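Results of the structural survey
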Amino acid sequence: MSQPDPIYRKPLYHHEVQYTRRDMLVKGGAGFGALALAYLLGDGPLPGLAAQSTSTGPHHPPTAKSVIFLFMEGGPSHIDLFDPKPKLNELAGKPLPDSFEPVITPMGEYDAPLLASKRSFQQHGESGIWVSDWLPHTAECVDDIAVIRSCWGNGLNHSNGVCQMNTGSILAGRPSLGSWVSYGLGTENQNLPAFVVLEDNPGKVVNGPRNWGAGFMPAVYQGTALVGGDEPIRNLSTPAGIGENRQRGKLDFLQQLNRQHAAERQDQTELEARIESYELAFRMQAEAPGAVDLSEETQQVRSLYGIDDKETAVFGRNCLLARRLVERGVRFVQLYHGSGSRWDAHSNIEGNHSMLCKECDKPIAGLLKDLKQRGLLEDTLVVWGGEFGRTPMSEKGNGRDHNPYGFTMWMAGGGVKGGQTIGATDEIGLHAVENRLHIHDLHATILYLMGIDNMGLVYLHKGRPERPTLNEGEAFRKITTG
Amino acid sequence: MHRLIMTSATYRQSALDKTETARLGDPDNRLLWRMNVRRLDAEQIRDAMFAVTGELKTTTGGASVATSQPRRTIYTKVLRNTRDPLLEAFDAPEGFASTNQRNVTTTPTQALLMINGDFTLARAKAFAKRLERERLTDEQLVSRAFQLVFARPPEPAEQAGAVEFLEQQSQRDLQNVSTTAGGDARAAALIDFCHVLLNSNEFLYVD
């Protein structure tokens, strides 16, 4: 059923159902071709109604049109990457001093001594942002980056944490942030999905596809995971052994049957919508493969992303794909790096993080530089982070446990003022203490940059107005001004 | 209460147009002079396909099976983190929380899945085999297929259209036929015909 928009519309029994543009998109299949469909059916925005909706289009002028979310899955160590803690190295080998509020660590090594960071940190760019020697390429882009050192969340384990970073809740069942964005803003390209997911290690991401699921919202808002090979979107190609003429012949015969069927059932818009959905599917078959065809890119661009180097090739390819997708109007692209909790350095953080940083550093910097030189960074928001950070306390002698109490994420582009550091953790990087930003605040900030008020985007579910940040969270607006 | 509603004359109407007067006077059906067409639920679509192709195992009870098995969907396993693509596309709930009202969406993703996906194609092949076993003439074959999929015989024009499709389709892309139906262009055309019927609105919607 279409979702009546809450707040303003009371049930009107036995009255003409008034569709808002959004209802029409739901019925007609938003994301994938919805706008075109609504338009073709002559059911474009209904004057007057659209204006009443609390969730139609942007609430204020956006600074970001698209989001690229670089998800470092498993939890990268903020204190070894962006948040240097000299005090930690001083106290290394000692137990956590009483002056720091103790925390629960999932692996339960409560009395483990503090572990020094072996990284050397330097200030970079004109802004002098601190970055460790693990990320030399990202360090070149700091003047475009706002480093947020004061993030915190509630998920102690990977499943909880990844779920909350995607949906706002540690419990399964809510729509992903990308779904909310698709619901709120629709797509700019009718022939591509609005919300796309790229995994560096397909099938391994903790929680699987529910991370990009639409939860209680219609399936049209769910993320589409692109798979490699000739068929980037599932079922996009005509089946093997069926030529284009036969496929067209089948579609023509199908539409003939469907039109005849609809002729005896006039004014039932759903039937028309399904007829049109087959035509859109046919058009998508033409457009989508081109979007993911990297052979169109120059050698120079490919090496910028590190595609010519074995270690960086996989993530580099995904970063380049992400640029091609936002270029074509895809709203929300989520890239997983380290799928399957590979950043989860409970032991040997040196070996683990060295390798993972190497894999993703150049591709990420390449993406930022490429977006910038094409003028795309202005309205593309790039977000970097994992589901949590890591503890200053050691685990198994040379690793670090999960730390959702204080960790770093960064944002760049899409209206974000680069070259600034926001918030702070305590002296050893355990708790966020200054300008604390909960995951809800981070989500609200992302939505804010996209022109969406997190409290104004509403979806009625079981009679309850549901909002992307669970009625909490506030956008950190100063991110645009510094 | 449910009985009262569901046995009422209003609820038991069909979605077919009745009179021009009603249609012109109330095109949006706000006075409920007809039923609105209803798309089958995800489970119904899957079950109906197996039923039409003759593959459905009608045994009851027993251990749950994978969704690739021809049992009714109620007997299939539900893996919340790895959902069945067909059921997912047609709005089966996620299974994390109770759902008081399902979404009913119409998307190109569904169209792609139905026209290109392995599942529907496999059903079309099974359906074609079923028809072939019955050794019918083209006309009889079309009638039988309509009866199975739409529960009605074809109109003469529909019958002619379908026979024409079978003829034309067996002339198309002959070089590709070998991989789908062992080189038999006629058999390939029959699979295509079955595939189209399973994709049709008349199959996916009830009046």
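Not measured: the values here are computed from a predicted model.

**Observations regarding the overall build of chain A**
Secondary structure assignment for chain A yields 13 helices and 17 strands. Of the contacts formed within chain A by residues at least 6 apart in sequence, a portion of 77% connects residues at least 24 apart. Summed over its atoms, the accessible surface of chain A is roughly 17,600 Å², and 50% of this surface lies on carbon and sulfur atoms.

**Some remarks on the packing of aromatic side chains**
Going through the model one piece at a time under the given rule, you end up with 15 aromatic pairs over all chains. Aromatic pair Phe50(B) and Phe119(B): ring centres 5.5 Å apart, planes at 85°, arrangement edge-to-face. With Phe50(B) in helix 3 (residues 42–53) and Phe119(B) in helix 6 (residues 118–133), the pair connects residues that are 69 residues apart, well separated along the chain. On the basis of relative accessible area, Phe50(B) is assigned to the buried category, the value being 1%. Members of the aromatic cluster, connected to one another through ring pairs, are Trp180(A), Tyr183(A), Phe216(A), Tyr221(A) and Tyr459(A). Arg119(A) extends its terminal NZ or CZ atom over the ring of Trp134(A), reaching a point 4.2 Å from the ring centre. A cation over a ring is seen here: Arg248(A) above Phe282(A), with NZ or CZ 4.5 Å from the ring centre.

**Some remarks on helix 5 (residues 108–116) of chain B**
Burial of helix 5 of chain B is extensive: eight of the nine residues sit out of reach of the surface. For helix 5 of chain B, the full list of buried residues reads Pro108(B), Gln110(B), Ala111(B), Leu112(B), Leu113(B), Met114(B), Ile115(B) and Asn116(B).

**Describing the interface of chain B and chain A**
Of the residues lining the interface, 67 residues belong to chain B; the matching set on chain A comes to 67 residues. Buried area between chain B and chain A, both sides added, is near 5,600 Å², and the carbon and sulfur share of it is 53%. For the interface between chain B and chain A, the tally reads three salt bridges. With its nearest N and O atoms 2.6 Å apart, the salt bridge here joins Arg265(A) to Asp207(B).

**Things to note about the environment of Lys18(B)**
Residues and elements named next belong to chain B. Within the fold, Lys-18 resides in the loop between helix 1 (2–6) and helix 2 (20–25). Assessed through its relative accessible area of 46%, Lys-18 is described here as partly exposed. Through-space distance from the C-alpha of Lys-18 to that of Arg-34 is 7.7 Å; in sequence the pair is 16 residues apart. The contact partners of Lys-18, leaving out residues within four places of it in the chain, are Gln-13, Trp-33 and Arg-34.

**Remarks on the confidence of the model for chain B**
Residues and elements named next belong to chain B. Counting all residues, the mean pLDDT for chain B is 90, and 96% of those residues have values of 70 or more. Per-element averaging of pLDDT across chain B places helix 9 (residues 177–181) at the bottom with 57 and helix 3 at the top with 97. Listed scores for the predicted complex are pTM 0.83 and ipTM 0.93.

**Observations regarding the pattern of salt bridges**
Residue and element names in this part refer to chain A. Applying the stated rule across the entire model yields 43 salt bridges over all chains. We note a salt bridge from Lys-85 to Asp-83, for which the minimum N-O separation is 3.5 Å. Here Lys-85 matches Asp-83 in class, with each residue buried. Two residues, Arg-342 and Asp-200, come together in a salt bridge whose shortest N-O distance is 3.9 Å.

**Digging into the confidence of the model for chain A**
All names here are of chain A. Per-chain confidence: chain A averages 87 in pLDDT, with 88% of residues scoring 70 or above. Here residues 1–19 is a poorly scored stretch, pLDDT under 50, and it has 41 contacts once near neighbours within four places are set aside; other chains count. Confidence drops under pLDDT 50 across residues 27–55; counting only partners more than four residues distant or on other chains, this segment forms 72 contacts.

**Quick look at the packing of helix 11 (residues 310–327) of chain A against helix 12 (residues 349–373) of chain A**
All names here are of chain A. Two elements in contact, helix 11 and helix 12, have axes separated by 8 Å at closest approach and are oriented at 25°. For the element pair helix 11 / helix 12, the angle class is roughly parallel. For the pair helix 11 and helix 12, the crossing hand works out as right-handed. Facing Glu-311, Thr-312, Phe-315, Gly-316, Cys-319, Leu-320, Arg-323 and Val-326 of helix 11, the residues of helix 12 in contact are Lys-358, Glu-359, Cys-360, Lys-362, Pro-363, Ile-364, Leu-367, Asp-370 and Leu-371. A class-by-class count of the residues in the contact of helix 11 with helix 12 yields nine nonpolar, two polar and six charged.

**Focus on the packing of helix 7 (residues 138–150) of chain B against helix 8 (residues 156–169) of chain B**
The axes of two packed helices give the description: the angle between them and the distance between them. All names here are of chain B. Contact geometry for helix 7 and helix 8: axes closest at 10 Å, N-to-C directions at 115°. Classified by the angle between their axes, helix 7 and helix 8 sit roughly perpendicular to one another. For helix 7 against helix 8, the interelement crossing comes out right-handed. The segment helix 7 lies against helix 8, with Asp-138, Glu-139, Gln-140, Leu-141, Val-142, Ser-143 and Phe-146 engaging Glu-158, Gln-159, Ala-162, Val-163 and Leu-166. Considered class by class, the residues forming the contact of helix 7 with helix 8 number six nonpolar, three polar and three charged.

**Examining the pairing of strand 2 (residues 121–124) of chain A**
Residues and elements named next belong to chain A. Of the strand pairs in this sheet, strand 2 and strand 3 (residues 129–132) are connected by four bridges, and their pairing is antiparallel. From the neighbouring strand, Gln-122 faces strand 3, where its bridge partner is Val-131. Hairpin connection from strand 2 to strand 3: four residues lie between these consecutive antiparallel strands, with Gly-125 at a positive phi of about 65°.

**A look at the state of the cysteines**
All names here are of chain A. As enumerated under the stated definition, the model contains zero disulfides over all chains in all. Unpaired in terms of disulfides, Cys-141 finds its nearest cysteine sulfur in Cys-319, a separation of 11 Å. For Cys-141, a relative accessible area of 4% translates into the label buried. No disulfide involves Cys-319; its sulfur sits 8.3 Å from the nearest other cysteine sulfur, which is in Cys-360. Judged by relative accessible area, Cys-319 falls into the buried class, the value being 0%.

Rules used in this analysis
- Residues numbered from 1 in each chain as written.
- Chains lettered and ligands numbered in written order.
- Predicted model: local features only at pLDDT ≥ 70, side-chain atom pairs only at ≥ 80, totals over all residues.
- Heavy atoms only, no water.
- Helix = DSSP H or I, 4+ residues; strand = E, 2+ residues; numbered from the N terminus.
- Contact = heavy atoms within 4.5 Å.
- Areas by Shrake-Rupley, 256 points an atom, 1.4 Å probe, with all protein chains shown as cover.
- Phe/Tyr/Trp six-rings, centres within 6.5 Å; stacked < 30°, edge-to-face > 60°.
- Buried < 20%, exposed > 50% of the residue type's maximum accessible area, 1.4 Å probe, protein only.
- Lys NZ or Arg CZ within 6 Å of the ring centre and 35° of its normal.
- Buried area = accessible area lost by both parts, 1.4 Å probe.
- Salt bridge = Lys/Arg side-chain N within 4 Å of Asp/Glu carboxyl O.
- pLDDT = per-residue confidence, 0-100.
- Axes fitted to C-alpha atoms, helices over the stretch in contact; angles between N-to-C directions.
- Parallel < 35°, antiparallel > 145°, perpendicular 65-115°, else oblique.
- Left-handed = near helix turned anticlockwise from the far one by under 90°.
- Nonpolar A, V, L, I, M, F, W, Y, C, P; charged D, E, K, R; others polar.
- Pairing = 2+ DSSP bridges.
- Disulfide = S-S within 2.5 Å.

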